[in-house]
Amino acid sequence: MDNTTKKLHDALSTLITAYEELQDKYTTLEKENEDLKNEITILNSEKTSLESNLDHASSTKDQQSTDMNSMLSKIESILKFKTGKEENRSNQTEEPEQSVITKVDDIHVNEQKDEQKNDTGKIDLNRMESLLNGFGSK
């Protein structure tokens with residue numbers, strides 16, 4: 001009987017040791033799981049903040065594009081008004097002035113084509129440059 005008791009004792013000791021190891025691994029995994037949950041919470045918070053910043057930047061960009069397009073439209077209307085005055089005086093003007101008017105009209109036609117190609121939310125730097133060049137040549 002002594003041998004049977006010793007075998008039973010050894011088996012129970014092995015079982016208890018294995019159980020303690022499993023319990024330690026479970027505790028470690030539980031801590032790692034909690035750390036990962038905390039990291040997910042932090043990352044979600046950062047994601048929300050970045051999305052908010054992106055929305056704000058997009059809104060600001062759209063507003064600036066709208067403002068620039070409004071200013072460019074005003075410049076175009078000023079140039080068209082000045083061009084209209086020059087056409088009324090066309091009988092009294094010299095030929096070089098007519099070529100300037102023709103170039104400005106060509107610029108307007110090209111700009112209208114460019115406007116149709118480009119999205120309305122984008123700032124067209126070429127359009128702005130040509131308007132300013134046309135404005136300076138008057």
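A quick note: this is a predicted structure, and the numbers were derived from the prediction, not measured.

Before going further, it helps to examine the overall build of the protein chain. Along its length, the protein chain carries 3 helices and 0 strands. Ordered by position from N to C terminus, the α and β elements of the protein chain give α-α-α. Within the protein chain, buried positions represent 13% of all 138 residues. A separation of at least 24 residues holds for 70% of the contacts in the protein chain among residues at least 6 apart in sequence. Surface summary for the protein chain: the accessible area is close to 11400 Å², and the carbon and sulfur share equals 55%.

So, about a nonpolar patch on the surface. Nonpolar side chains collect at one region of the surface, where Leu8, Leu12, Leu15 and Ile16 lie side by side and expose about 400 Å² of accessible area between them. Note that leucine 15 resides in helix α1 (residues 2–88).

Summed over all chains, the structure comprises 3 salt bridges. A salt bridge links lysine 6 to aspartate 10; the nearest nitrogen and oxygen atoms lie 3.7 Å apart. Highlighted residues: lysine 6 and aspartate 10, both in helix α1, separated by 4 residues, approximately one helical turn. Judged by relative accessible area, which is 38%, aspartate 10 ranks as partly exposed. Across the pair lysine 31 and aspartate 35 runs a salt bridge whose closest N-O atoms are separated by 3.2 Å. On the criterion of helical spacing, the pair formed by lysine 31 and aspartate 35 is a turn pair, its members being 4 residues apart in helix α1. By relative accessible area, lysine 31 is classed as exposed at 54%.

Conventions and cut-offs
- Residues numbered from 1 in each chain as written.
- Predicted model: local features only at pLDDT ≥ 70, side-chain atom pairs only at ≥ 80, totals over all residues.
- Heavy atoms only, no water.
- Helix = DSSP H or I, 4+ residues; strand = E, 2+ residues; numbered from the N terminus.
- Buried < 20%, exposed > 50% of the residue type's maximum accessible area, 1.4 Å probe, protein only.
- Contact = heavy atoms within 4.5 Å.
- Areas by Shrake-Rupley, 256 points an atom, 1.4 Å probe, with all protein chains shown as cover.
- Patch = residues over 30% accessible without salt bridge, like charges linked within 9 Å, V, L, I, M, F, W, Y side chains within 5 Å.
- Salt bridge = Lys/Arg side-chain N within 4 Å of Asp/Glu carboxyl O.

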